[in-house]
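Listed here are the chains, written in short residue letters.
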Amino acid sequence: MIGEREYVTADVFTDVRYGGNQLAVLLDGRGLTLDEMQAITREFNYPESTFVLPPEDPAHTARGRSFTLAHEMPFAGHPTIGTAFVLAATGAIPLTGDETRIVLELNVGPTPVVIRSRGGVPMHCQFTTATLPEVGPPPPTRATLAGLLGLEVSDLASGTYGPQAVSCGFPFLIVPVKDRAALAKARLRLEAWETTLANWWARDIYVITRTGTDEGYDIHARMFGPGAGVPEDPATGSAAAALAGYLAAREAARDGEFRWVIAQGLELGRPSRIEIEADKRDGAVRAVRVGGTAVLVARGRLLP
């Protein structure tokens, strides 16, 4: 039985209300069935909702279960950032100084999060992925992908930055395009998606373009997620994690720490800023981190 439940909503990967990606956090998910969690998620109608539970390992901080409108996720980025931020902002977990280190138990595994604060107020969260980047099977042809996105083959990037499926706990097909004009005109053709990607290893598509340091961003991105019930997502931390692995693998240096800043959500009127990092040692990616800010929006209770 659902009963009375306290919730907090937040906008994630932004420091301005009504930007970034929306998240509902149920502060106590104990006793809820999977079907009840899914029903609550659909009631909020946000891209994702999270349910906080006691940790299975007492050395960890909390367990989080995240749902899209379609299903439960093994791993999701903006719920990880948003849940940590909400727990800190509401006092559910104590801040221990300028940096507070916690571990959230996600379906993909224990996930370390650093909460950075100022004057006792959380300002920024960063998580380290529980799994390292995994490369999937070869993607469909460039012609197929262009048709899927309503683009010309000439709109797709080529050479080193070709399409590739990558996962850091949840798989995405990364499709680089040549410029922001191509990114802006991308439109997912659902019928084409159903015949090519609906049952493939990576069903969701992260379309990106490299922009140098234009307006403080290295990458502009859009995420089409029909497999998750999300036509287009304003900010996708799990896709950004996969992208960090993709980009780091293409860096010429065999060792180093690399950083990029992603702009997403501009086409939806919900601008988002996602910060990603990757460590390489001896030519292999050894760690991936995703960070960003969040802001509380609303607080209330589900009625019994």
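Reference entry: report on the structure contained in this document. (Residues numbered from 1 in each chain as written. Predicted model: local features only at pLDDT ≥ 70, side-chain atom pairs only at ≥ 80, totals over all residues. Heavy atoms only, no water.)

Topic: helix H2 (residues 77-89)
Okay, so step 1: The terminal C-alpha atoms of H2 lie 18 Å apart, and with 13 residues this matches the ideal 18 Å at 1.5 Å per residue to within 8%.
Okay, so step 2: Of all 13 residues in H2, 12 are buried, a share of seventy percent or more.
Okay, so step 3: Once H2 ends, the next one or two residues include Gly91, with phi positive near 80°. (Helix = DSSP H or I, 4+ residues; strand = E, 2+ residues; numbered from the N terminus. Expected span 1.5 Å × (residues − 1). Buried < 20%, exposed > 50% of the residue type's maximum accessible area, 1.4 Å probe, protein only.)

What to know about the pairing of strand S3 (residues 48-53)
Okay, so step 1: With 6 of its 6 residues buried, S3 lies for the most part within the structure.
Okay, so step 2: Side chains of S3 alternate between two faces, with Glu48, Thr50 and Val52 and Ser49, Phe51 and Leu53 buried alike.
Okay, so step 3: For the segment spanning strand S2 (residues 21-26), helix H1 (residues 34-44) and S3, crossover handedness is right-handed.
Okay, so step 4: Sheet topology places S3 next to strand S4 (residues 62-67); 5 bridges connect them, and they run antiparallel. (Right-handed = clockwise from strand over helix to strand, strands pointing away. Pairing = 2+ DSSP bridges.)

Things to note about the side chain of Arg289
Okay, so step 1: As for its placement among the helices and strands, Arg289 is situated in strand S17 (residues 284-292).
Okay, so step 2: Side-chain polar atoms of Arg289 contact the side chain of Glu277, separated by 2.7 Å.
Okay, so step 3: Polar side-chain contacts of Arg289 include one of 2.9 Å to the side chain of Asp279.
Okay, so step 4: Beyond its immediate chain neighbours, meaning those up to four positions away, Arg289 contacts Gln126, Phe127, Thr128, Glu257, Glu275, Ile276, Glu277 and Asp279. (Polar contact = N/O pair within 3.5 Å; in protein donor to acceptor, adjacent residues only side chain to side chain. Contact = heavy atoms within 4.5 Å.)

Quick notes on the nonpolar core
Okay, so step 1: Counting residues in hydrophobic clusters, the biggest one holds 55 residues, and the most contacted among them are Tyr206, Leu243, Ile262, Ile274 and Ile276.
Okay, so step 2: The dominant element in this core, judged by the number of residues it contributes, is helix H6 (residues 237-249), at 9 residues.
Okay, so step 3: Among residues more than four places away in sequence, those in contact with Ile262 are Tyr206, Tyr217, Ile219, Ala221, Ala240, Leu243, Ser272, Arg273, Ile274 and Ile276.
Okay, so step 4: Among the nonpolar cores identified, the runner-up in size contains 21 residues, and Leu148, Leu149, Leu156 and Ala202 belong to it. (Core = buried A, V, L, I, M, F, W, Y, C linked by side-chain atoms within 4.5 Å.)

Details of the pattern of salt bridges
Okay, so step 1: Inspection of the entire model under this criterion finds 17 salt bridges.
Okay, so step 2: The salt bridge partner of Glu99 is Arg101, with a shortest N-O separation of 3.2 Å.
Okay, so step 3: Of the residues examined, Arg101 reaches a relative accessible area of 61% and is grouped as exposed.
Okay, so step 4: Each of the salt bridges in this network shares a partner with another, and the network as a whole consists of Glu257, Arg259, Glu277, Asp279 and Arg289. (Salt bridge = Lys/Arg side-chain N within 4 Å of Asp/Glu carboxyl O.)

Here's the deal with the environment of Pro163
Okay, so step 1: On the secondary structure map, Pro163 appears in the loop between helix H3 (142-148) and strand S10 (164-167).
Okay, so step 2: Once residues within four sequence positions are removed from consideration, Pro163 is found in contact with Pro139, Leu145, Ile174 and Pro176.

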